[in-house]
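Structure assessment
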Protein chains: 2
Amino acid sequence: MKKGHQVTMKEIAKKLGVSVSTISRALKDSPELHPETKRKIVEMAKEMNYQPNLLAQSLRISRTKTLGVIVPEITSHFFASCISGIQDHANKRGYNVMICQSNESIDQEIANIRTLVASQVDALLISLSRETNHYEHLYELYSREIPFVLFDRVQEDIPVSKVTFNDAGGAYQVTHHLLEMGCRNIVFVSGPEDLYISKKRKEGYLKALNEYGIKENSNFIKVTDLTLEGNIEVAKEIAAMKSRPDAVFCMIDPVAVDVLTYWKSIGLKVPEEIALAGFTNNPTSAVVEPPLTTVSQPGYEMGKLAVSHLLDQLDGLASDDPISIVLETTLVPRKSSNRQA
Amino acid sequence: MKKGHQVTMKEIAKKLGVSVSTISRALKDSPELHPETKRKIVEMAKEMNYQPNLLAQSLRISRTKTLGVIVPEITSHFFASCISGIQDHANKRGYNVMICQSNESIDQEIANIRTLVASQVDALLISLSRETNHYEHLYELYSREIPFVLFDRVQEDIPVSKVTFNDAGGAYQVTHHLLEMGCRNIVFVSGPEDLYISKKRKEGYLKALNEYGIKENSNFIKVTDLTLEGNIEVAKEIAAMKSRPDAVFCMIDPVAVDVLTYWKSIGLKVPEEIALAGFTNNPTSAVVEPPLTTVSQPGYEMGKLAVSHLLDQLDGLASDDPISIVLETTLVPRKSSNRQA
DNA sequence: CTGTTAGCGCTTTCAG
DNA sequence: CTGAAAGCGCTAACAG
């Protein structure tokens, strides 16, 4: 199957007996042009259904007005929201977007960067894969002076702008809420410990405990690999603890949902016997029974801020010096943590 | 902020004292080339960290190896899965993907097509917006001989390949299941009636009723505009019917979830007092209480099939004659329809 | 106000 | 086996 022919400036030029440059000028509304000529050209272009070839244009001006986006997983609601925010605001400023997913694989992430760079995107927005534990590919982008920003899953040392949530703050909010609900033995279910969010959320958890004069108890920190099996394993462990904790704070909602589902299956009552909270405010968390207390992270907003800042830098509206944008989260208290009722 | 310089073939050529064409040949492993020269060039290219400029290449060969995808909503789990399937399989065959969302707006859909075409994508995969009720933009693509396929939200008359689910079949499965559960007064909650899926699912619903000798009852067909308010309105209406139906089949899961939530708030018990079923098998449907009976539509698979067929056509591995690929759905019976217990 | 010219980075005849 | 030259569609000096 081959594509049909596309009208070019040359053809309009021939038809009208003028030069290609005149066509080019008319179509970008150059002032130094006879209004009548311009009118004729614009009309003819429309009549012939001319569509500019962005490829040629980009090659010529060496700017594609296209941004590359790399996310770990497009099917995650949170990342889909980010993408949505990026797209809308990129389009609003005349930019297109190419999206890739790394599927949580560093090799795929590197491959994605290669293709996007080869496609000559003007800049990149990247959220790192879970697997990403070395950063040469990012430093290479940096040294090649290809502008990029990191969002959500960031690496702190790279001198580029980053957009993150106040993860520690959010974890503090949840933990503080559980404490206010009267819980004192609060388990934190962490993801792999080298993850940025694992560290930050643990930090907030500990800070809240500390304010209540409770000190860190390593038995109360469980680690899951974030798979269904891993999550259930942790749920089992907690249910079987000799002196059962009165609350559990899971690093992300999906973990909390898996834990909840398991506990329901063994008849452990939430929140009566044990309170539960998550993080992210996935759509799922609102509809489980009981509805899950969580912390909302506005993904659309994050995408919007990330792309706006990046484009400000590209367009010279913002300094090239890297900045860090931190979004605040909001506690969403729901029944799963309501021990007062 | 400006991008750094990228190494070009010209520079490699100068450094090695050969011509650009030789570089080009070496890099695409042309056989008519001295092995030693080739080795040297490949080595130097790697050393200089050469990355081909896909833009220039595409302009030259007038193929971008890029596909355009348009979906109504990237944040919908179903469409995100489709995209994921498309991406994975496009990449596998050396193609890139540009994704756009129409946000259920026909104007946005048209705009998306324009940009993608201007970006010279080799072909398009489109799932129509809810608003799309005229099809000039598609016929124009067709007449301009830009290959495209439609998936999920299709328009039947356009002579291009389409990938859909057996929507009528799925609706039949659900309705049949409800009938087997002993329900005889089954309401169908439809979306806007001009939607393809509204029509098809109603068709399956009626077929199942018919097999049980139940004839169409227009009071038992409710229409929602698919907004939260519309869905709740319908839920209210049904709860208030003088002789209340014993089952409700909602055209898509989100509607069923809204209905369920409302009913829970007024104390109407599912499935004891009324059975409920949805369609799509969103992640949400598994975790609501009670878990929702639904029909699963494998989005990843749909994306995969759509893109594979399209690329087969592009690469001449499949005939250009339009075909229709129909995916079967699977009934997912859950507690919300279990009237036997 | 408009045409001529050069060239973005690459591929591909056509000659040697 | 390799180089020279043309050209993909467009923009942007530079002339006039």
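The following paragraphs examine the structure supplied in this document. What you see is a predicted model; the values in this text were computed from it and never measured.

As a further point, take the sheet that holds strand β8 (residues 247–250) of chain B. Residues and elements named next belong to chain B. Reading across the sheet, the 4 strands line up as β7-β6-β8-β9 and stay open at both edges, with parallel pairing between neighbours. Unpaired on one side and paired on the other, β7 (221–223) and β9 (275–277) mark the two borders of the sheet. Across this sheet, the average inter-strand angle for adjacent strands is 20°, counted without regard to direction. Sheet topology note: the strand β6 (residues 186–190)/β7 ladder contains 3 bridges and is parallel. Directly across from F188, in β7, lies its bridge partner I221. Helix α8 (residues 167–180) rests against β6, β8 and β9 of the sheet, and its axis sits at about 170° to β8. Along the sheet face, helix α11 (residues 253–265) touches β6, β8 and β9 and points at about 150° away from the line of β9.

This brings us to the sheet that holds strand β2 (residues 96–101) of chain B. Residue and element names in this part refer to chain B. Strand order across the open sheet formed by 6 strands is β2-β1-β3-β4-β5-β11, with parallel pairing between neighbours. Both edges of this open sheet fall to β2 and β11 (324–327), since each of them pairs with a single strand only. Sheet twist, expressed as the mean angle between neighbouring strand axes with direction ignored, is 15°. One ladder, built from 6 bridges, connects strand β1 (residues 66–71) with β2; its direction is parallel.

Once that is clear, we can look at the state of the cysteines. Within the structure shown, the criterion is met by 0 disulfides over all chains. There is no disulfide at C183(A), and the cysteine sulfur nearest it, in C250(A), is 13 Å away. Given the relative accessible area of 0%, C183(A) is considered buried. Sulfur of C82(B): no disulfide; nearest cysteine sulfur belongs to C100(B) and is 16 Å away. Judged by relative accessible area, C82(B) falls into the buried class, the value being 0%.

Calculation criteria
- Residues numbered from 1 in each chain as written.
- Chains lettered and ligands numbered in written order.
- Predicted model: local features only at pLDDT ≥ 70, side-chain atom pairs only at ≥ 80, totals over all residues.
- Heavy atoms only, no water.
- Pairing = 2+ DSSP bridges.
- Helix = DSSP H or I, 4+ residues; strand = E, 2+ residues; numbered from the N terminus.
- Axes fitted to C-alpha atoms, helices over the stretch in contact; angles between N-to-C directions.
- Contact = heavy atoms within 4.5 Å.
- Disulfide = S-S within 2.5 Å.
- Buried < 20%, exposed > 50% of the residue type's maximum accessible area, 1.4 Å probe, protein only.

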